Amino acid sequence: MSNINFSHKYKDKIVVLDFGGQYSHLIVRRCRELGVYTELLPYDTQIDEFKRGIEREEGCGKIKGIIFSGSPFSVHESSSPHCDSAILDLNVPILGICYGAQLIAYMKGGIVGEGRKAEFGRAELFFKRDSELFDWSGSSGENENDTASKSKNKSKSKSKSIDVWMSHGDVIERLDGADIIGYTRNSLIAAFRIRTSNIFGVQFHPEVQHTEKGDKILWNFLYTICGCERNWTVESFVKEKIEEIKREVGSDGRVVCGLSGGIDSSTTALLINKAIADRLTCIFIDTGLLRRGEKESVIKTFEENFKMKLVFVDAKERFLAGLQGVEDAEAKRRVIGRLFIELFESETKKLGKVDFLAQGTIYPDRIESAGAGSMKTALIKSHHNVGALPEQLGLTLIEPLKDLYKDEVRKVAKELGMPSKILNQHPFPGPGLAARVIGEVTDDKLRICRGASHIVEDELKSSGWYDKVWQAFAVVGDDVATGVLGDARSVGRIVTVRVVGSNDAMTADFVKLPYTVLESISKRITNEVKGVTWVTYAISSKPPSTIEPC
């Protein structure tokens, strides 16, 4: 199966080298929010790939700058990630952040050592105002997601210090051939520029919202130092993606798309439909693992509202039979993926001539399946829509959203006119409710999970919390607890409620719901969902947890 590379090849771009830092993806998102298309590449990307990107003509995917991310490693560790030092000789602007700054110093012959004490959290940075990085004149660079105090920024606009966010143990002790442009009380070289070049390093993290003027610092690097054009917007993405799909599919190519009803596959289908109209056929397989009312909603939206070709397959019994006796989370995903492939392949063959397969893969899917980013990335969970369909289908793969984060997908969906019911609904895992049933998937556990999850969402909507959180649902496993129904002792299931806040699903925190809302959720679940005696609330964040339990 061949793979179309939809990588915004007509835009200038910034490359972020991923050394395994917790904020690597945040750097990418911040740069995109500031209007420049940015990609994340593994730290060991070959030098020739950079050379080809830098040598391209303007507007054709030309690399205008490189950012080195942070990392949990020390540059001195034998297992620490090091890129090719020849990158520093490419005559392209480079910004090293935290570990990235230390690595630049190390490769330039500087001395990096263990600091007298680690710096974690806020620190006061004193800087040289004549440096391009710390020039506050012109456009502010602030965006709607910047929550730093603007009034505080204004009060310090003429100051020579700002509060920055630090997260490091090592420090740069000496760097010959560099100008020191910033320091803190614990880091004497907290920001530098290599003389006679556009190579910069900052010990702090400008990409996090805790750093004052963080967006402005990135703005200065993108526009003043790299000379980028502000050309990355949702509107431009949609317009160019539709044109790309038209070119790739051609005048008579036909596409099949697996539709789940979630925002990713729905946006993929709508985007391709805008490009080729009725030459797209969507296949919607009811696995029996859907949310309450989801089947009816999908059929109405795409078959009736958008007038798309939709093939509906009722496969509930087949999936439940395949999952019988399967308890391991990864094993369940493999079963669901295999059955989905078999059914999808069978239905596709019935369509006759089909040339392309469209999937709603997004960036976090590829990261969690160890398909992008740092080569040190480990498999977190398998996704049945990532490279899963077999070669014998002989179809060319189209994944128009594969470089987007979830929040960007929602913006694209809104631009395409997606109905609010789908646009605003919470994310739903590919394996469906099987990801929320711990242990074997049974009819009874599905009934409880589906009913309890509906109550969670319903209560959040009625209390005004639904649109304030990223995801909310119920989890059920094999644990039971004693309860009292009427005057009689009863043993029933324990249901765990999970509500998290996030921007892109790469990280997430549990939401501190008011006790009154939690109480209403608990009362309704124990009263309305037969067989439940206890309700608990999950307060783990991601990491170390994942959002979905399975």
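Residues numbered from 1 in each chain as written. Predicted model: local features only at pLDDT ≥ 70, side-chain atom pairs only at ≥ 80, totals over all residues. Heavy atoms only, no water.

Caption draft 1: Focus on the overall build of the chain. Along the backbone of the chain there are 15 helices and 18 strands. When the 550 residues of the chain are sorted by exposure, 59% land in the buried category. Put simply, of all contacts in the chain between residues at least 6 apart along the chain, 77% involve residues at least 24 apart. For the chain, the accessible surface area stands at approximately 23600 Å², while carbon and sulfur atoms represent 48% of it. (Helix = DSSP H or I, 4+ residues; strand = E, 2+ residues; numbered from the N terminus. Buried < 20%, exposed > 50% of the residue type's maximum accessible area, 1.4 Å probe, protein only. Contact = heavy atoms within 4.5 Å. Areas by Shrake-Rupley, 256 points an atom, 1.4 Å probe, with all protein chains shown as cover.)

Caption draft 2: Expanded view of the packing of aromatic side chains. As enumerated under the stated definition, the model contains 13 aromatic pairs in all. With a centroid separation of 4.5 Å and 45 degrees between ring planes, the pair formed by Trp219 and Tyr223 is classed as tilted. A residue pair is termed a helical-turn pair when its members lie 3 or 4 positions apart in one helix, as Trp219 and Tyr223 do in helix H5 (residues 214–225) at four residues. Here Tyr223 falls in the buried class, since its relative accessible area comes to 15%. Residues Phe340 and Phe344 carry aromatic rings whose centres are separated by 5.7 Å and whose planes lie at 25 degrees to one another, so their mutual orientation is stacked. With a gap of four residues between them, Phe340 and Phe344 both fall in helix H10 (residues 329–350), about one helical turn apart. For Phe340, a relative accessible area of 17% gives the class buried. Judged by relative accessible area, which is 1%, Phe344 ranks as buried. Joined through ring pairs, the aromatic side chains of Phe19, Tyr43, Phe68 and Tyr99 make up one cluster. (Phe/Tyr/Trp six-rings, centres within 6.5 Å; stacked < 30°, edge-to-face > 60°.)

Caption draft 3: Quick peek at the packing of helix H6 (residues 234–249) against helix H7 (residues 263–276). At their nearest, the axes of H6 and H7 sit 9 Å apart, and the two run at 65 degrees to each other. Handedness of the crossing formed by H6 with H7: right-handed. Two secondary-structure elements touch here, H6 through Val238, Lys241, Ile242, Ile245, Lys246 and Val249 and H7 through Leu271, Ile272, Lys274, Ala275 and Ile276. Residue composition of the contact of H6 with H7, by class: eight nonpolar, no polar and three charged. (Axes fitted to C-alpha atoms, helices over the stretch in contact; angles between N-to-C directions. Left-handed = near helix turned anticlockwise from the far one by under 90°. Nonpolar A, V, L, I, M, F, W, Y, C, P; charged D, E, K, R; others polar.)

Caption draft 4: Expanded view of the nonpolar core. Ile285, Phe319, Val456, Leu460, Val499, Leu513 and Ile525 are the most contacted members of the largest nonpolar core, which has 50 residues in total. Mapped onto this core, the elements with two or more residues apiece are strand E11 (280–286), helix H9 (316–323), H10, helix H14 (443–463), strand E15 (471–485), strand E16 (488–501) and helix H15 (515–528). Those residues within four positions of Leu460 in sequence are excluded, and the remaining contacts are Trp465, Tyr466, Val469, Ala472, Val499, Leu513 and Val517. Counting 39 residues, the second-largest nonpolar core is a separate cluster that includes Phe237, Val298, Phe356 and Leu404. (Core = buried A, V, L, I, M, F, W, Y, C linked by side-chain atoms within 4.5 Å.)

Caption draft 5: Here's a closer look at the sheet that holds strand E12 (residues 309–314). Strand order in the open sheet formed by five strands is E12-E11-E10-E13-E14, and the pairing between neighbours is parallel. The open sheet has two free edges, formed respectively by E12 and strand E14 (396–398), since each of these has just one partner strand. Taking each pair of neighbouring strands and ignoring which way they run, the sheet shows an average axis angle of 25 degrees. One ladder, built from three bridges, connects strand E13 (residues 356–358) with E14; its direction is parallel. Considered in E14, the bridge of Leu357 is made with Leu397. Its contacts with the sheet place H7 against strand E10 (255–258), E11, E13 and E14, and it is angled at close to 165 degrees to E10. Against the sheet, helix H8 (residues 294–305) makes contact with E11 and E12, and its axis sits at roughly 160 degrees relative to E12, the strand it touches most. (Pairing = 2+ DSSP bridges.)

Caption draft 6: Seen up close, the side chain of Asn273. For Asn273, the position within the fold is in helix H7. The class for Asn273 is buried, based on a relative accessible area of 18%. Dropping the residues within four chain positions of it, Asn273 is found in contact with Leu280 and Met308.

Caption draft 7: Expanded view of the pattern of salt bridges. Summed over the entire model, instances satisfying the criterion amount to 32 salt bridges. Of the charged contacts in the structure, one is a salt bridge between Arg318 and Glu342, with a shortest N-O distance of 2.8 Å. With Arg318 in helix H9 and Glu342 in helix H10, this pair connects stretches of sequence that are 24 residues apart. In this structure, a network of salt bridges that share partners links the residues Arg29, Arg30, Glu33, Asp215 and Asp407. (Salt bridge = Lys/Arg side-chain N within 4 Å of Asp/Glu carboxyl O.)

Caption draft 8: Examining the environment of Val326 more closely. Looking at the element boundaries, Val326 is found in the loop between H9 and H10. In sequence terms Val326 and Gly439 are 113 residues apart; their C-alpha atoms lie 7.3 Å from each other. Setting aside anything within four residues of it in sequence, one finds Val326 in contact with Ala331, Lys332, Val335, Gly439, Glu440 and Val441.

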